[in-house]
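Reading the structure
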Amino acid sequence: MVKLSFPRPQRQGRTASPLEPDEYGVLDVGYVTGTFCDGRPYRLECWRMEELVLATVFFSSLYLEDYERADLRLLLEAECVINFGYDEKPRLQAALTQDEVGEKMWAVNVQLAAGKKVFAEILPSLRRYVI
């Protein structure tokens, strides 16, 4: 069996802002790092902007370049990263991008909540940013 190797999302160039919002109004809540069952590392960053709570999941787009919104939703659910069970129409946007070292990545944004209305939830436990 061939074992595939995937790049780990690199985010070192970004400074988290967990104590007060940054110049764009973003307050960083926490993050999760993990690995999908195919060996593909991912990084989830949870953040809030005013009353919105969002998560962005970064992972290598290698062999997944043609994925669409529905595919990405199923992937995140199957990998037990996000539970979309709260909303029939998930609030999800995705873009093919590059990380800090130029590796091709998916950046999948998921709206988790707006005020008291919950749309989705992060399944693994978040880690706090070290200040």
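For the structure itself, consult the block above.
Everything in this summary refers to the structure shown in the same document. Predicted, not measured: the structure shown is a model, and the values here were computed from it. Throughout this description, residue numbers start from 1 for each chain and increase along the sequence as written. With the structure being a predicted model, the display of local features is reserved for residues of pLDDT at least 70 and the display and counting of side-chain atom pairs for 80 or more, all residues being used for whole-chain, interface and lining totals. With hydrogens and water excluded, all non-hydrogen atoms of the structure serve as input to the side-chain values.

**Here's the deal with the packing of aromatic side chains**
Two aromatic rings, drawn from Phe, Tyr or Trp (for Trp, its six-membered ring), form a pair once their centres lie within 6.5 Å of each other, and the interplanar angle then sorts them: stacked below 30 degrees, edge-to-face above 60, tilted otherwise. Taken as a whole, this structure holds three aromatic pairs when the rule is applied. With centroids separated by 5.1 Å and ring planes inclined at 40°, the aromatic side chains of tyrosine 31 and tyrosine 129 adopt a geometry described as tilted. Of this pair, tyrosine 31 sits in strand β1 (residues 26-35) while tyrosine 129 sits in the segment after β8 (121-122), and the two are 98 residues apart along the sequence. Remark: exposure states derive from per-residue accessible area (1.4 Å probe, protein chains only) relative to the maximum for the residue type, with buried under 20%, exposed over 50%, and partly exposed in between. Using a relative accessible area of 14% as the deciding quantity, one classes tyrosine 129 as buried. Measuring from ring centre to ring centre gives 5.0 Å for phenylalanine 36 and tyrosine 42, while their planes differ by 20°; the resulting arrangement is stacked. Residues phenylalanine 36 and tyrosine 42 agree in their burial class; the two are buried. Comment: the charge-over-ring label is applied if NZ (Lys) or CZ (Arg) is within 6 Å of the ring centre and within 35 degrees of the ring normal. A cation over a ring is seen here: arginine 43 above tyrosine 31, with NZ or CZ 4.4 Å from the ring centre. Its end group placed over the ring of phenylalanine 119, arginine 91 keeps NZ or CZ at 3.6 Å from the ring centre. Segments assigned H or I by DSSP are reported as helices when at least four residues long, segments assigned E as strands when at least two residues long, and all are numbered from the N terminus.

**Regarding the nonpolar core**
As used in this record, nonpolar core signifies buried Ala, Val, Leu, Ile, Met, Phe, Trp, Tyr and Cys residues forming a set joined through side-chain atoms within 4.5 Å. One finds Leu44, Phe59, Leu76, Ile82, Val110 and Leu112 to be the most contacted residues of the largest nonpolar core, which totals 24 residues. By definition, residues are in contact when any of their heavy atoms lie within 4.5 Å. Sequence-distant contacts of valine 110, defined by excluding residues within four places in its chain, comprise Val53, Leu54, Ala55, Leu76, Ile82, Phe84, Arg91, Leu92 and Ala120.

**Describing a negative patch on the surface**
Exposure above 30% relative accessible area and no salt bridge define the residues that can form patches, which grow by joining like charges within 9 Å and nonpolar side chains of Val, Leu, Ile, Met, Phe, Trp and Tyr within 5 Å. All accessible-area figures derive from a Shrake-Rupley calculation using a 1.4 Å probe, and residue coverage is judged against the displayed protein chains alone. By salt bridge we mean one thing: a side-chain nitrogen of Lys or Arg within 4 Å of a carboxyl oxygen of Asp or Glu. The charge count includes Lys and Arg as positive and Asp and Glu as negative, but it does not include His or the ends of the chains. All charge positions are set by atom: Lys at NZ, Arg at CZ, Asp at CG, Glu at CD. The grouping of Glu65, Asp66, Glu68 and Asp71 at the surface amounts to a negative patch. For aspartate 66, the position within the fold is in the loop between β3 (52-60) and α1 (69-78). In this structure aspartate 66 comes out as exposed when scored by relative accessible area, which is 71%.

**Looking at the pairing of strand β6 (residues 104-114)**
Consecutive side chains along a regular strand alternate between the two faces of the sheet. Most of β6 is tucked away, with nine of its 11 residues classed as buried. For two strands to be treated as a pair, DSSP must find at least two bridges joining them. Note that β3 and β6 share nine bridges and pair antiparallel. For phenylalanine 58, the partnering residue across the bridge sits in β6 and is alanine 107. Of the strand pairs in this sheet, strand β5 (residues 92-98) and β6 are connected by seven bridges, and their pairing is antiparallel. Bridge pairing links alanine 94 to valine 108 in β6. Following β5, the chain reverses through five residues before pairing antiparallel with β6; glycine 102 in that reversal takes a positive phi of roughly 90°. Where β6 lies against strand β7 (residues 117-118), two bridges are found, and the strand directions are antiparallel. Bridge pairing in β7 places alanine 114 opposite lysine 117. Between β6 and β7, which pair antiparallel and follow one another directly, the connecting turn spans two residues, one of which, glycine 115, has a positive phi of 65°.

**Let's talk about a nonpolar patch on the surface**
Taken together, the side chains of Leu4, Leu62 and Tyr63 define a hydrophobic patch exposed on the protein surface, amounting to about 290 Å² of accessible area. With respect to the element layout, leucine 4 can be found in the segment before β1. Its relative accessible area of 40% is what places leucine 4 among the partly exposed residues.

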